[in-house]
Amino acid sequence: MRSWFDGSFPFPRSSSSLRFFALETYPTCRSRPKVYGRFRRYASRTGSLDVDVPLPVDARWASQGDAVCASLTRMANVDFAAARRTQRSCCGSFTRRAIAVVGLLVLGCSTSTDGSDGEVSATTSGDPVNSTFSGGIVPGVTGNPSGAIVNSTATSASSMGGPGGPASSSSNPLDTSPGTSVPAGTPTDPGILPVGGPGRSSAAGGGTGGPDATGAGGNGGGPTTQGAGGIGGLPMGSGGSTGPSDVGQVDAAAMVADMGFGTNIGNTLENTTEWETGWGQPLISEAFINGIASRGIKTVRVPVAWDTYANNGVIDAAKFDRVKQVVGWIEAAGMYPIVNIHWDGGWIFNESNENEFLLTADVKTKFASYWEQIATGFSDVGHKLILEGLNEEARFYANGDSNGTPDYAALNELNQLFVSTVRAQGGYNASRALLIVGFTTDIEKTCVDAFEVPDDPAGSGKLFLSLHYYTPYTFCGLDTVESWGSPATTWGTDQEKATLEGLFDKLGAFSKSRSIPVILGEFGVTPGENYVREPASRILWMESVARASFVRGIVPVLWDTGSEIKRTDGSFSAEFQTVMDDLD
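A brief look at the structure comes next. (Residues numbered from 1 in each chain as written. Predicted model: local features only at pLDDT ≥ 70, side-chain atom pairs only at ≥ 80, totals over all residues. Heavy atoms only, no water.)

1. Remarks on the overall build of the protein
Counted only if it meets this: Strands here are runs of E lasting at least two residues and helices are runs of H or I lasting at least four, both read from the DSSP assignment and numbered beginning at the N terminus. Note on classification: 1.4 Å probe, protein chains only; a residue is buried when its accessible area is under 20% of the maximum for its type, exposed when over 50%, partly exposed between these limits. Contact criterion: two residues are considered in contact whenever any of their non-hydrogen atoms come within 4.5 Å of each other. The Shrake-Rupley method, run with a 1.4 Å probe, gives the accessible areas here. Residue values count only the displayed protein chains as cover.
When helices and strands are tallied, the protein shows 16 helices and 16 strands. Within the span of the protein, comprising 584 residues, buried residues form 54% of the whole. Partitioning the intrachain contacts of the protein with sequence separation of at least 6 by distance along the chain shows that 69% fall at a separation of at least 24. When the accessible surface of the protein is split by element, carbon and sulfur atoms take 50% of a total near 23900 Å².

2. Focus: the sheet that holds strand 15 (residues 518–523)
Selection criterion: By this definition, two strands are paired if DSSP reports at least two bridges between them. Orientation is described by axes fitted as lines to C-alpha atoms, over the contacting stretch for helices, and by angles from 0 to 180 degrees between their N-to-C directions.
Here we have 8 strands rolled up into a closed barrel, ordered 9-10-11-12-13-14-15-16, and parallel in their pairing. Pairwise comparison of adjacent strand axes, ignoring direction, gives a mean angle of 25 degrees for this sheet. Note that strand 11 (residues 336–340) and strand 12 (residues 386–388) share 3 bridges and pair parallel. Along strand 12, the bridge assignment pairs Asn340 with Glu388. Each of strand 10 (299–302), strand 11, strand 12, strand 14 (463–469), strand 15 and strand 16 (554–558) is contacted by helix 7 (residues 252–259), which is oriented at about 50 degrees to strand 14, the strand it contacts most.

3. Side note on the side chain of Glu543
As for its placement among the helices and strands, Glu543 is situated in helix 15 (residues 535–550). The exposure class of Glu543 is buried, given its relative accessible area of 10%. When residues no more than four places from it in sequence are discounted, the contact partners of Glu543 are Thr578, Val579, Asp582 and Leu583.

4. Considerations on the pattern of salt bridges
Where charged atoms from two side chains of opposite charge come close, those side chains can pair. Definition in use: Counted as salt bridges are all cases of a side-chain nitrogen of Lys or Arg within 4 Å of a carboxyl oxygen of Asp or Glu.
For the structure on display, the rule yields 13 salt bridges. Note that Arg301 is salt-bridged to Glu388, the shortest N-O span being 2.9 Å. One end of the pair, Arg301, is in strand 10; the other, Glu388, is in strand 12, with 87 residues separating them in the sequence. Like Arg301, the residue Glu388 is buried in the burial classification. Arg538 is the partner of Glu575 in a salt bridge, and the nearest nitrogen-oxygen pair spans 2.1 Å. Here the residue Glu575 occupies a position in helix 16 (residues 574–583), and Arg538 occupies one in helix 15, the gap between them amounting to 37 residues. Of the residues examined, Arg538 reaches a relative accessible area of 3% and is grouped as buried. Taken together, the shared-partner salt bridges in this structure form one network comprising Arg301, Glu388 and Glu522.

5. Examining unusual backbone geometry
The peptide bond linking Thr471 to Pro472 adopts the cis configuration, its omega dihedral lying at -5 degrees. Here Pro472 shows up in the loop between strand 14 and helix 13 (473–476). The backbone of Ser352 sits at a positive phi, close to 65 degrees, despite the residue not being glycine. Its place among the elements puts Ser352 in the loop between strand 11 and helix 10 (361–377). Given the relative accessible area of 65%, Ser352 is considered exposed. In this structure, Thr440 takes a positive phi of about 50 degrees despite not being glycine. Relative to the helices and strands, Thr440 resides in the loop between strand 13 (434–437) and helix 12 (443–446).

Now the structure itself:
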C-alpha cells in the first residue's frame, strides 16, 4: 500500500482528514524525522495547526507513547468521544497506561469545570521526556497512581496538573469530599514535575502542578473511571473535567432476567488433588465456553480452590492467571461469570480440627486476605463478573456442636467481612454485584429472622443471596443404601411437587422481604450408577426447579461435572437438551 510517509500518497487536504491521519496512521511511521518535517511544512502552509508534534527520535518511542498521543490528540483538536473511538489505533503499540492517558489528557484539555478553554500548546525539541520547553504547558506525561517523575529542563514553563488523587477515607463511594493528590515529590527543582495519581471514586482530587505553577484540582471519576487533572500554570489554571461515574449501574434485581439459566464447571478448578484435572476433568477450553454460550447458557459459576495451591497464604500467580483466563472467555462469550472460594479442604469452618464449626480469628484473617488478593486481581474485570464469598462452608454452630444451635452471628459476620473487604479493593469491585451465602446454603435454615443482609458501602441493590437445592437428596444424590435412607429412582408425585413449591414460596417471600435477589448456585440430580434414575423423572425435576426459580426471580445454576454438558464442545446430554428445549 502506498504511504503518505514516503511521499507517494498526497497530503490530507482538510482539518478533518488531518485529524484522521494523525490518529489513525501516525503510529505506523518509521521515518520520524522526515515525517516531522512534512507535518510542520504542511501545518505552516495551511495554517491549520499551532502545536508542534513532539516526535520521539529514539528508543523511547514505545515507552513514552503517552505523551505523543496526548500531543497528537491536542493537535487534532478531537473531543473525548472521538478520542475514545480512535485511541486503540492511535496507541495500539503503546502500553495500557499510554491508552489511558490519551483519554485523561483529552478530558483535561477539551472540557473544564470552570468553563475555561483547556487548549494548550508547547514547543519542544522532539523528545517528550528530556526536552527543553521554551513556553506553554508541559503535559503531565505519566499520571500513574504512585506519581511518576518526569525530568525536563523548563524555561518559564508551566505544567499540567496530574489527575485527581484517590478518594477520601470515607467508606461511602458516593462521597464527594476532596480526595488526596499523590505527588511524586516536592517541586524544588525546575526539572522535576510531580504528577498526581488518578481519582478512584466520585470525589474531587487535587492535581499537582510543577514549579512556578498552580495545579488546578482534577475531579475524580467513578470507581472504574478517572477524571482528568486540571491544567496548572500561572496566572490561570483550569479545573479538571469530571470522569463519568458508574456507581449506579449495577442493579442485581435487574440482572436476573439477563442471567437466564446457568451452569457450574464442577470438579475442576476447585479440585484439591491436581489443578484442574485431578478429579478426572479435562482442561477448560475456549471451545467449551463458546459451545455452552451458543446453546443458551447465560451464567457460568467457576468454583475455585485457592488455599490448596497458595504459598503461605499468597495465591499462586499462575493459578490466578488461569482462573482469570477462564473468566475472560466467559465474559467474552457474553455470559456472567461467578467466582468463589469453594470447599478447598474445609478450612473456613475448621473442618476436622479442634475448632470445627467455629468461626475463629485466624480464619477471619485468612478469609479477608484471600478476598483482598482475589478482588484486587479482578478489579479491572467488568460488572458481569460476580464474586461469591464462599460455598456451603457457612457451617457455624454454638460451641461447635453441629447438632445444636446454628450460629447466625458468625455467618453474618463473615458475609459482612466479605462485602467490606471486596468493596475496599477499588476498581469494579467498588460497585460490582456480590453473592453472599445462606446458612449451609439451605433454604429453610437461611430464611429466618436471625439471618442478616450485610451493610453494603456501595449502596442498596448490589447483593445476591446464594442458596442450593438438592431436595429430596435420596433422589438427587444418594446412590447407596444408608441407615437414614435409600436411593429413589423416580420423582414427581403430587406431594413431592408440593414440597418443592412450598420451599420456593418460602424462599421467594424471604427474598422479597429482604430486598435481595437469589442465585440458586447449585441444583442437580445424578443419573445414578448403582441406582439409575428414570430419565423422565430427571427431566421433570430439573424443569420444575428451573420454572420455580424463574417465576420468583431466581437464577438457576445447574451443578454439572460433565454428565449433562460435554467438556469438549459444550453439547448437552439428551435429557438436559430436553430440559432446555422445554424451558425455551
